[in-house]
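# Overview (structure and organization)
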Amino acid sequence: MHIQHVAKGEGKGWAKGRKASNDPRIAKNAQARRGLTYRSHIPSDQDRRRKSAPASTTWTPTLAYAIGLLATDGCQTDGRHLVFPSADLELVEILLRCLGKRNKIAEQMSKKGTIYYRTQIGDVALCRWLLTIGITPRKSLTLGALTVPDEFMPECARGLMEGDGSILNFTQAPTKKRYPQYRYERLIVAFNSASSAHLTWLRAQLEGHIGDRGSLSRRPPDATRHEFWSLRYGKAASTRLLELMYRDDSVPRLQRKWKVWENYRVRHSADGGT
């Protein structure tokens, strides 16, 4: 029997502890594969390792809405995973549905003692695509413009609002001393962010759709948080904006915020819009 002697470090496990910087074979291999994307030879619906198929990045109203949610509450961790935490369980469920995912949702406790919900999504292709449209890691203070087709801007704006904004509807007595019986109903759509660049971009995008610039205000930093920006629209502009943002019933929506608008809309439709 012929026994072949293999030099030390050249048999099974020869690459252990070596890397491209100190081994020309590994460097050659790495160079040949640089820039390539791994594609499984197993169809995604038959691959038991996958919880769901890779998310589609073809623009639709639903995807634009999901992008708005990810831009506010989502974050990339390592270039392969997305984490989405929210105090609204419904919002986490909606995001997974928009992306066609079936990932688990964990209930967790914050440092302040409040319950929130969190899901983690592994999708390398989606993470890389998000980088190309402006959603980067650690984006809270650096988020700027998003590359969203103008036709899907209302749905994206709704995702931004439902993720980190509000719809306010209340009655106010603006001239209580002079006219104590006078009441004025307010409707306000607000977008919030720690990035002024992001809200400046959003303001310009929405102006083209509703013809109003809204009001951009700053809350200075304090001992517990960074400076904070808010973009708000008055009643007439908010009405036009909400009609656009909720124009497509097929796009998922956060019921809690939608009901504020729906109650206002139904009430004013019944009384002739006054």
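Nothing here was measured: the structure is a model prediction, and the numbers come from that model.

## Overview of the overall build of the chain
Helix and strand content of the chain: 8 helices and 8 strands. Long-range contacts, defined here as pairs at least 24 residues apart, represent 63% of the contacts in the chain between residues at least 6 apart.

## Describing the sheet that holds strand β6 (residues 184–193)
Taken in spatial order, the 4 strands of this open sheet run β5-β6-β8-β7, and their pairing is antiparallel. Every other strand in the sheet has two partners, leaving β5 (165–172) and β7 (215–219) as the edge strands with one partner each. Neighbouring strand axes in the sheet, compared pairwise and without regard to direction, differ in orientation by 30° on average. The pairing of β6 with strand β8 (residues 228–233) spans 5 bridges and is antiparallel. Across the sheet, residue F191 finds its bridge partner in β8, namely L231. Strands in contact with helix α6 (residues 196–210) are β6, β7 and β8; relative to β8, the strand with the most contacts, it is inclined by about 10°.

## Let's talk about the sheet that holds strand β2 (residues 81–86)
Ordered in space as β1-β2-β4-β3, the 4 strands form an open sheet in which the pairing is antiparallel. The sheet is open, and its two borders are formed by β1 (75–76) and β3 (106–109), each paired with just one other strand. When β2 meets strand β4 (residues 115–122), the two strands line up antiparallel, connected through 6 bridges. Within the sheet, the bridge partner assigned to L82 lies in β4 and is I121. In the packing of helix α3 (residues 89–99) onto the sheet, the strands contacted are β2 and β4, and the crossing angle to β4 comes to about 15°. Strand contacts of helix α4 (residues 124–132): β1, β2 and β4, with the helix running at about 80° to β2, the strand carrying the most contacts.

## Focus on α4
Listing the buried residues of α4 in full gives L126, C127, W129 and L130. Down the axis of α4, the buried side of the element spans an arc of 165°, and every buried residue falls inside it. In this fold, the buried residues of α4 make contact with α2 (61–73), β1, β2 and α3. One or two residues past the end of α4 sits G134, with phi positive at roughly 110°.

## A closer look at the pairing of β8
Counting buried residues along β8, 5 of its 6 residues qualify, which places the element largely inside the surrounding structure. By the bridge criterion, 5 bridges tie β7 to β8 in an arrangement that is antiparallel. Looking across to β8, one finds that S215 is bridged to R232.

## Examining the pattern of salt bridges
It is possible for side chains bearing opposite charge to pair when their charged atoms get close. Per the stated rule, a full pass over the model turns up 12 salt bridges. In this structure, E155 engages R247 in a salt bridge whose closest nitrogen and oxygen atoms are separated by 2.8 Å. In this pair, E155 sits in helix α5 (residues 153–164) while R247 sits in the loop between α7 (235–245) and α8 (255–270), placing the two residues 92 residues apart along the sequence. Here E155 falls in the buried class, since its relative accessible area comes to 2%. Take R247: its relative accessible area is 43%, and that puts it in the partly exposed class. Across the pair R213 and E207 runs a salt bridge, and its minimum N-O distance is 3.5 Å. For E207, a relative accessible area of 31% gives the class partly exposed. Via salt bridges that share partners, R18, D23 and R25 belong to a single interconnected network.

Criteria and thresholds
- Residues numbered from 1 in each chain as written.
- Predicted model: local features only at pLDDT ≥ 70, side-chain atom pairs only at ≥ 80, totals over all residues.
- Heavy atoms only, no water.
- Helix = DSSP H or I, 4+ residues; strand = E, 2+ residues; numbered from the N terminus.
- Contact = heavy atoms within 4.5 Å.
- Pairing = 2+ DSSP bridges.
- Axes fitted to C-alpha atoms, helices over the stretch in contact; angles between N-to-C directions.
- Buried < 20%, exposed > 50% of the residue type's maximum accessible area, 1.4 Å probe, protein only.
- Arc of directions from axis to C-beta.
- Salt bridge = Lys/Arg side-chain N within 4 Å of Asp/Glu carboxyl O.

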